[in-house]
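Each chain is listed here by its residues.
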Amino acid sequence: MQIHAVTIFPAMFQSLTDYGITARAVNSGLLGLNAVDLRNFGQGQHRQLDDRPFGGGPGMVMLAEPIINCVSELRQKLSNDVPVICMSPQGQRLAHRDVCEFAHEEQLILLCGRYEGIDQRALDIIGAQEWSIGDYVLSGGELAAMVLIDAIVRQLPGALGNEHSSENESFSNGLLDCVHYTRPQTVQNISVPQVLVSGDHQAIRHWRLKQSIGRTWLKRPDLLESLELDEEQRQALKEFQNEYDEQRKS
Ligand SMILES: C[S@@+](CC[C@H](N)C(=O)[O-])C[C@H]1O[C@@H](n2cnc3c(N)ncnc32)[C@H](O)[C@@H]1O
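Residues numbered from 1 in each chain as written. Predicted model: local features only at pLDDT ≥ 70, side-chain atom pairs only at ≥ 80, totals over all residues. Heavy atoms only, no water.

(A) Local environment of the site of the ligand. As a matter of local geometry, the ligand sits amid 20 residues, with M87, Q90, G134, Y136 and L138 nearest to it. Contacts to the ligand include S88, whose backbone N or O atom sits 3.2 Å from a nitrogen atom. At 3.0 Å, a backbone N or O of G113 approaches an oxygen atom of the ligand. Residue assignment for the shell around the ligand shows that the elements contributing at least two residues are β5 (84-93), β7 (129-132) and α6 (141-154). Ranked by the residues each element gives to the shell around the ligand, the list is headed by β5, at four residues. For the shell around the ligand, the residue count by class is nine nonpolar, nine polar and two charged. (Near = heavy atom within 4 Å. Polar contact = N/O pair within 3.5 Å; in protein donor to acceptor, adjacent residues only side chain to side chain. Helix = DSSP H or I, 4+ residues; strand = E, 2+ residues; numbered from the N terminus. Nonpolar A, V, L, I, M, F, W, Y, C, P; charged D, E, K, R; others polar.)

Next comes the structure, spelled out in structure tokens:
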């Protein structure tokens, strides 16, 4: 997969190619990451990229033409059909299923806004889809684009290696992940649940399912509403609820 991030701060994307799973995906050729310096498309001697808003008011607005020119150059090289995603607090809120769909694309162009945002005509002409990473405002689209890239990479087959898997991660099957413990077995008198050291793989699998579904019920009941639980999941939820009630009574 190739991702082209259009930005005035291309160096910010270096951290993705330097650290962790995204770096491994880049080094192994699973992900091509191209941070495109919008400054190269700036206007005039000073390569201007922004101007004051029509109608007055605070802040600056990113000029339409550098962005239109940059995207059409990229599309000429790649294909006219490459989706363009504009990171925006006004966009559709990104969720796991959207990330999985983006992970099927061969190419994506991400637009990173700054200042008050991008001249609307650029987005209309390009046909950009607006996507948000949450209901809060960042100073620029770079961090939002990096969040999206990181989440996409985790869904690329082979990106997590054999020892990890995104299968049981939160949201992948509509539930939150189970709890995790590592060594030592006891920390400040709190021991890991006995079942995890029992060696009984069937019991461990069921316990993890119970924790996963129970924590979803406690923390994100909205997720359960849209799920049709199978027999074992219903049973696991009942067990978790009973244990939870017992604990609260004691
Ligand atoms: C300061 S923000 C502009 C906010 C805009 N004036 C508004 O109130 O809707 C600058 C840029 O940061 C990015 N950005 C800010 N918050 C974001 C979010 N929650 N999700 C995705 N991108 C965001 C967008 O690219 C945006 O153009």
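On we go.
(B) View of helix α7 (residues 201-219). Taking 1.5 Å of rise per residue, 19 residues should cover 27 Å, and α7 covers 26 Å from first to last C-alpha, within 8% of that figure. Taken together, the buried residues of α7 touch α8 (221-225) and α9 (231-249). Two to three positions downstream of the cap, the backbone nitrogen of Q202 sits 3.3 Å from a side-chain oxygen, assigning the N-cap of α7 to D200. (Expected span 1.5 Å × (residues − 1). Contact = heavy atoms within 4.5 Å.)

(C) Representation of the sheet that holds β7. The five strands lie next to each other as β2-β1-β6-β5-β7, forming an open sheet whose pairing is parallel. The sheet terminates laterally at β2 (32-37) and β7, the two strands that pair on one side only. For this sheet, the mean inter-axis angle between neighbouring strands, taken without regard to orientation, is 35 degrees. One ladder, built from four bridges, connects β5 with strand β6 (residues 107-112); its direction is parallel. The residue bridging I85 from the neighbouring strand is L110, located in β6. Strand contacts of helix α3 (residues 64-77): β1 (2-7), β2, β5 and β6, with the helix running at about 170 degrees to β6, the strand carrying the most contacts. Here α6 sits on the sheet in contact with β1, β2, β5 and β6, set at roughly 155 degrees to β6. (Pairing = 2+ DSSP bridges. Axes fitted to C-alpha atoms, helices over the stretch in contact; angles between N-to-C directions.)

(D) Inspection of the pairing of β5 at higher detail. As judged from the five bridges shared by β5 and β7, these two strands associate in the parallel manner. Paired with Q92 across the two strands is W131, which belongs to β7.

Shape is all these values report; function is a separate question.
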